[in-house]
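# Overview (structure and organization)
Now for the letters of each chain:
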Amino acid sequence: ATYICPLSDIDLDLLTLWILHTHFVESVFYTTPRLLIDSPLAESGKTTTLEHLAKLCFDPMQMASVNSPAMFARLLDTGMKTLLIDEAEKTLRPDKVGIEELLAVLNTGYKRGGSRPVLVPSKDDGWVTKAMPTFAPVAMAGISPHLPDDTLSRCVLVMLLPDADGEIEDSDWEFIEEHAIDLAERITGW
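Description of the structure in this document. (Residues numbered from 1 in each chain as written. Predicted model: local features only at pLDDT ≥ 70, side-chain atom pairs only at ≥ 80, totals over all residues. Heavy atoms only, no water.)

Turning next to the overall build of the chain. Each helix and strand in the chain was counted, giving seven helices and seven strands. Helices and strands in the chain line up, N terminus first, as α-β-α-β-α-β-α-α-β-β-β-α-β-α. Its C-alpha radius of gyration of 17 Å places the chain within 12% of the 16 Å reference for a compact globule of 190 residues. The principal-axis extents of the C-alpha atoms in the chain amount to approximately 60 × 40 × 30 Å. Long-range contacts, defined as pairs at least 24 residues apart, comprise 71% of the intrachain contacts of the chain with a sequence gap of at least 6. Surface accessibility of the chain: about 10,300 Å² in total, with carbon and sulfur atoms responsible for 55%. (Helix = DSSP H or I, 4+ residues; strand = E, 2+ residues; numbered from the N terminus. Rg over C-alpha atoms; globule rule 2.2 N^0.38 Å. Contact = heavy atoms within 4.5 Å. Areas by Shrake-Rupley, 256 points an atom, 1.4 Å probe, with all protein chains shown as cover.)

So, in structure tokens, the structure goes:
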């Protein structure tokens, strides 16, 4: 645990396996569990974990906020991506207007064949409904986000803690990015 402080070393194994699974999900797996990176406190490494995932996962797309359920489907209509959502306690909060539809898109996308109907312009100056895919790996990070039970049932949890002992190193990308790129290339090649 060089850059984050997980509750358990098993969480590091889980992160590693989840990263690898993003590279195989489109061709091998029928489901893709949502990764929930949680902590009860700020400054625990949630965003840092997402930054590392962005370097190592398959075709990552980092999002600080998610405003439109249709945006997810449109992103995935161009090809498989790994969606990385930060600030989940704000973006996916239960009292947010329209959150039910966004969560429904997240929930349908854990299984191959998940889709969402979206209106798209037609050549005849009108609109047509198109089923756009929602199947994709998704990681969500937040301070104890209050997700509904059906969303939580599709998640695997990694719990992070603040670095109380001062042993965790900063992710100084100026010095570690080359190593991360090399590792990502080896993962992709494998």
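Having seen the structure, we can now continue with the description.
Further remarks concern the nonpolar core. Core analysis: the largest hydrophobic core is formed by 23 residues, its most contacted members being F72, L83, I85, L92, L106 and M140. Those elements that provide at least two residues to this core are α3 (69-77), β3 (82-85), α5 (99-108) and β6 (138-143). Of the residues forming this core, the biggest block, five residues, is contributed by α5. Apart from the residues within four sequence positions on either side, I85 is in contact with L50, M63, V66, F72, T91, L106, V138, A139, M140 and A141. Judged by nonpolar contacts, the second largest core, of 19 residues, contains W18, L20, L56 and L84. (Core = buried A, V, L, I, M, F, W, Y, C linked by side-chain atoms within 4.5 Å. Buried < 20%, exposed > 50% of the residue type's maximum accessible area, 1.4 Å probe, protein only.)

Attention now moves to the sheet that holds β3. If you trace the five strands from one edge of the open sheet to the other, you get β2-β3-β6-β1-β7, paired in parallel fashion. At either end of the open sheet lies a strand with only one pairing partner, and these are β2 (60-63) and β7 (155-159). The sheet shows a mean angle of 20° between the axes of neighbouring strands, taken without regard to direction. Here strand β1 (residues 34-39) pairs with β6 via five bridges, running parallel. In the strand pairing of β6, L35 is matched with A139. Where helix α1 (residues 9-24) meets the sheet, it contacts β1, β3, β6 and β7, and its direction lies at approximately 135° from that of β7. Strands in contact with helix α2 (residues 46-56) are β1, β2, β3 and β6; relative to β1, the strand with the most contacts, it is inclined by about 150°. (Pairing = 2+ DSSP bridges. Axes fitted to C-alpha atoms, helices over the stretch in contact; angles between N-to-C directions.)

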